Amino acid sequence: MVLVRNLRPPTEGVRHEEANTTAVLSGQQLGCGTLYVAETRLSWFDGSGMGFSLEYPSISLHAISRDVSAYPEEHLYVMVNGKLEKAAEEEDDDGSDSSNGDEEEVITEIRFVPRDKASLESMFSAMCECQALHPDPDDEDSDNDFEGEEYNVEEADGMEVDAAVAEAGQFEDADVEH
Amino acid sequence: MEPEAVESATVGVEVVNSIRERTIAENSMVVLLQGLQGEVTTVDLRDESSARGLVLNVDAFMNIRLKDVLFLDRRGQTAQLQDLFITGRNVRYVHIPDHVDIMKTMESQLAKIHRVRNFAGEGGGRKEFGGRKK
């Protein structure tokens, strides 16, 4: 999550690419560039190759803002968990803005302002799709046991047979769906 | 219905993800949230901000899509957002509207999941957990 130079834009899995997009990082205008909504990460690069990449797990939320009273231009708003630092500066965890103690999470607000406002919905949807590809790996609370023993659809359906009873080639004439 | 060969080729990973999501949802309270689709409600985020809007979708990972949102950031400033996607990890609370019957909502969501699964398992549909041996 740092500003880098000479990083190449992603070429694979790009769900949406939007040129002529201004990036505003924590209120600071970074200039005009291209936003790449790729399956692996969200990136933005200006013409000179300077830019940044965000990992989806670090993104708390994203939204389309058309409320010009809140911000003068329609844009894609992204809230990132954590701080984005310029590569030249040291990452300082005791940063001056976050001196409220351990409970306050540091966030970074990024606005992507495309020249073509009609693209906002595609940009938003592409981000939704990519975000869904990165579920929270740290989620210990929910019962995500895919192979859970409690799941007994076979018994309910009555289609599965005991291994002892199955004959070789028994299902060879069944439709193959895979 | 599309021919099965075409369906298998184009649906692929999405089917697996849907199966996985249905299993996750079925085994957690997220089914309740999924039943809030179409309701206007408030979602409180971990960082003390909150969003009130129409629930468009909640997936198994508790990622929530809201529409026509009033967003109250943690500093107390409001903003209107047309579409909002909140990552599941950042959700602290989802308010259940008073008029929502929690048990009925969960039962109807589970019934939907079972209907989809039975449709997939019978006849020519793709069988979930195909190949799983006892």
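Treat the numbers as computed from the prediction; the structure is a model and nothing was measured.

Now for the packing of aromatic side chains. Residues and elements named next belong to chain A. All chains considered together, the criterion is met by three aromatic pairs over all chains. Taken together, a centroid distance of 6.1 Å and an interplanar angle of 25° make the contact between phenylalanine 52 and phenylalanine 112 stacked. With a gap of 60 residues between them, phenylalanine 52 in strand 5 (residues 51-55) and phenylalanine 112 in strand 9 (residues 107-114) connect regions that are remote in the sequence. A relative accessible area of 1% means that phenylalanine 52 is categorised as buried. Three or more aromatic residues joined by ring pairs form one cluster here, namely Trp44, Phe52 and Phe112.

Residue and element names in this part refer to chain B. Looking at chain B, the pLDDT average stands at 83 and 76% of residues meet or exceed 70. Here residues 2-11 scores under 50 on pLDDT; set against residues more than four positions off or in separate chains, the count is eight contacts. For this predicted complex, the interface confidence reaches an ipTM of 0.76, while the overall pTM sits at 0.74.

Turning our eyes to something else, we now look at unusual backbone geometry. Residues and elements named next belong to chain B. Positive phi values are uncommon outside glycine, yet glutamate 48 reaches one of about 80°. Exposure remark for glutamate 48: the relative accessible area of 57% places this residue in the exposed category. Even without a glycine there, the phi angle at methionine 62 is positive, about 65°. As for its placement among the helices and strands, methionine 62 is situated in the loop between strand 2 (50-58) and strand 3 (64-72). Exposure remark for methionine 62: the relative accessible area of 30% places this residue in the partly exposed category.

It is worth spelling out the pairing of strand 9 of chain A at this point. Regular strands place their side chains on alternate faces of the sheet. Residue and element names in this part refer to chain A. Among the eight residues in strand 9, seven count as buried, and that is most of the element. The sheet contact formed by strand 2 (residues 14-25) and strand 9 spans five bridges and is antiparallel. Bridge assignment links alanine 23 to a residue of strand 9, and that residue is phenylalanine 112. The pairing of strand 7 (residues 75-81) with strand 9 spans six bridges and is antiparallel. When the bridges of strand 9 are listed, valine 78 appears paired with isoleucine 110.

All names here are of chain B. Strand direction decides the pairing type here: strand 2 and strand 3, joined by seven bridges, are antiparallel. Bridge assignment links leucine 54 to a residue of strand 3, and that residue is lysine 67. As consecutive antiparallel partners, strand 2 and strand 3 are separated by five residues, and within that stretch methionine 62 has a phi angle of approximately 65°, a positive value. By the bridge criterion, eight bridges tie strand 3 to strand 4 (residues 78-86) in an arrangement that is antiparallel. Its bridge partner lying in strand 4, phenylalanine 71 is registered against alanine 79. Hairpin connection between strand 3 and strand 4: a loop of five residues separates the two successive antiparallel strands, and glycine 76 in this loop has a positive phi of roughly 95°.

Moving on, we get to the pattern of salt bridges. Note that side chains of opposite charge can pair when their charged atoms are close. In total, this model carries 14 salt bridges over all chains according to the counting rule given. Its salt-bridge partner being B:Arg89, residue A:Asp136 comes within 3.2 Å of it at the nearest N-O pair. Of this pair, A:Asp136 sits in the loop between helix 1 (120-132) and helix 2 (153-157) while B:Arg89 is found in the loop between strand 4 and strand 5 (91-94), placing the two residues in two different chains. Judged by its relative accessible area of 23%, B:Arg89 falls in the partly exposed class. Across the pair B:Asp101 and B:Lys104 runs a salt bridge whose closest N-O atoms are separated by 3.6 Å. Here B:Lys104 falls in the exposed class, since its relative accessible area comes to 59%.

Okay, helix 1 of chain A next. Taking 1.5 Å of rise per residue, the 13 residues of helix 1 of chain A would be expected to cover 18 Å, and the 18 Å separating its terminal C-alpha atoms lies within 8% of that figure. Taken residue by residue, helix 1 of chain A has A:Leu120, A:Met123, A:Phe124, A:Ala126, A:Met127, A:Cys128, A:Cys130 and A:Gln131 as its buried positions.

A separate point is the nonpolar core. The biggest cluster of nonpolar side chains holds 28 residues, and the ones touching the most others in it are B:Val43, B:Leu66, B:Phe71, B:Leu84 and B:Ile86. Discounting chain neighbours no more than four positions away, the residues touching B:Phe71 are A:Leu61, A:Met79, B:Leu45, B:Ser49, B:Ser50, B:Ala51, B:Gln77, B:Thr78, B:Ala79, B:Leu81 and B:Leu84. By size, the runner-up hydrophobic cluster in this structure holds 26 residues, among which are A:Ala23, A:Phe112, A:Leu120 and A:Cys128.

So, on to the environment of B:Leu70. Residues and elements named next belong to chain B. Mapped onto the secondary structure, leucine 70 falls in strand 3. Expressed as a C-alpha distance, the spacing of leucine 70 and leucine 81, which sit eleven residues apart in the sequence, is 6.4 Å. Residues within four places of leucine 70 in sequence aside, it is in contact with Ser50, Ala51, Arg52, Thr78, Ala79 and Gln80.

Turning our attention to the environment of A:Glu18. Residue and element names in this part refer to chain A. Within the secondary structure layout, glutamate 18 lies in strand 2. The exposure class assigned to glutamate 18 is buried, which follows from its relative accessible area of 9%. Each C-alpha atom, one on glutamate 18 and one on tyrosine 56, is 18 Å from the other, the two residues being 38 residues apart in sequence. In this view, glutamate 18 contacts Gly33, Thr34, Leu35, Pro114, Asp116, Ser119 and Met123; residues no more than four positions away in its chain are not counted.

Cut-offs and rules
- Residues numbered from 1 in each chain as written.
- Chains lettered and ligands numbered in written order.
- Predicted model: local features only at pLDDT ≥ 70, side-chain atom pairs only at ≥ 80, totals over all residues.
- Heavy atoms only, no water.
- Phe/Tyr/Trp six-rings, centres within 6.5 Å; stacked < 30°, edge-to-face > 60°.
- Helix = DSSP H or I, 4+ residues; strand = E, 2+ residues; numbered from the N terminus.
- Buried < 20%, exposed > 50% of the residue type's maximum accessible area, 1.4 Å probe, protein only.
- pLDDT = per-residue confidence, 0-100.
- Contact = heavy atoms within 4.5 Å.
- Pairing = 2+ DSSP bridges.
- Salt bridge = Lys/Arg side-chain N within 4 Å of Asp/Glu carboxyl O.
- Expected span 1.5 Å × (residues − 1).
- Core = buried A, V, L, I, M, F, W, Y, C linked by side-chain atoms within 4.5 Å.

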